[in-house]
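# Residue-level structure breakdown
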Amino acid sequence: MADILFFSVLGLLILTFHIGLYKLFEIAGKPGICAFIPVYNWKVWNELTGRPKWFYLTGLIPVVNVFIFVVMLS
């Protein structure tokens, strides 16, 4: 029972994040549907935040991407 609740909450958090990215991309003039394309959304988000291109590539490395994600949120 706890597993179902955990994954339901996790799924809702992920969906909320993607809906927020959808709105952000629309406001920035990019197609909002890009928020739901797995690797491409990192690329577009990287362009919008003005980070260097190597930042996007390090975001594809497991474990490192968690730290990159936190930096991109700030």
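These numbers were taken from a predicted model, which means no experiment stands behind them.

Moving on: a nonpolar patch on the surface. A cluster of nonpolar side chains, namely L12, L15, I19, I33 and F36, defines an oily patch on the protein surface of about 480 Å² accessible area. Here I33 lies in the loop between α1 (2-27) and α2 (40-49). For I33, a relative accessible area of 54% corresponds to the exposed category.

The subject of this paragraph is the nonpolar core. Side chains that are nonpolar tend, in soluble globular proteins, to be buried together. Core analysis: the largest hydrophobic core is formed by eleven residues, namely L21, F25, C34, A35, W42, V44, W45, F55, Y56, I68 and M72. Where this core is concerned, the elements lending two or more residues are α1, α2, α3 (53-58) and α4 (64-73). Those residues within four positions of I68 in sequence are excluded, and the remaining contacts are W42, F55, T58 and G59.

Contact geometry for α1 and α2: axes closest at 12 Å, N-to-C directions at 50°. Here α1 is positioned oblique relative to α2, judged by the angle of their axes. In this structure, α1 meets α2 at a crossing whose hand is left-handed. On α2, the residues that touch F17, H18, L21, L24 and F25 of α1 are N41, V44, W45 and L48.

Now for the packing of aromatic side chains. Per the counting criterion, the structure on display carries eight aromatic pairs. Ring geometry for F6 and F7: centres 5.1 Å apart, planes at 75°, overall edge-to-face. For the pair shown, F6 and F7 are each scored as exposed. Ring centres 5.3 Å apart and planes at 65° place the aromatic pair W54 and F55 in the edge-to-face group. By relative accessible area, W54 is classed as exposed at 52%.

Thresholds applied
- Residues numbered from 1 in each chain as written.
- Predicted model: local features only at pLDDT ≥ 70, side-chain atom pairs only at ≥ 80, totals over all residues.
- Heavy atoms only, no water.
- Patch = residues over 30% accessible without salt bridge, like charges linked within 9 Å, V, L, I, M, F, W, Y side chains within 5 Å.
- Areas by Shrake-Rupley, 256 points an atom, 1.4 Å probe, with all protein chains shown as cover.
- Salt bridge = Lys/Arg side-chain N within 4 Å of Asp/Glu carboxyl O.
- Helix = DSSP H or I, 4+ residues; strand = E, 2+ residues; numbered from the N terminus.
- Buried < 20%, exposed > 50% of the residue type's maximum accessible area, 1.4 Å probe, protein only.
- Core = buried A, V, L, I, M, F, W, Y, C linked by side-chain atoms within 4.5 Å.
- Contact = heavy atoms within 4.5 Å.
- Axes fitted to C-alpha atoms, helices over the stretch in contact; angles between N-to-C directions.
- Parallel < 35°, antiparallel > 145°, perpendicular 65-115°, else oblique.
- Left-handed = near helix turned anticlockwise from the far one by under 90°.
- Phe/Tyr/Trp six-rings, centres within 6.5 Å; stacked < 30°, edge-to-face > 60°.

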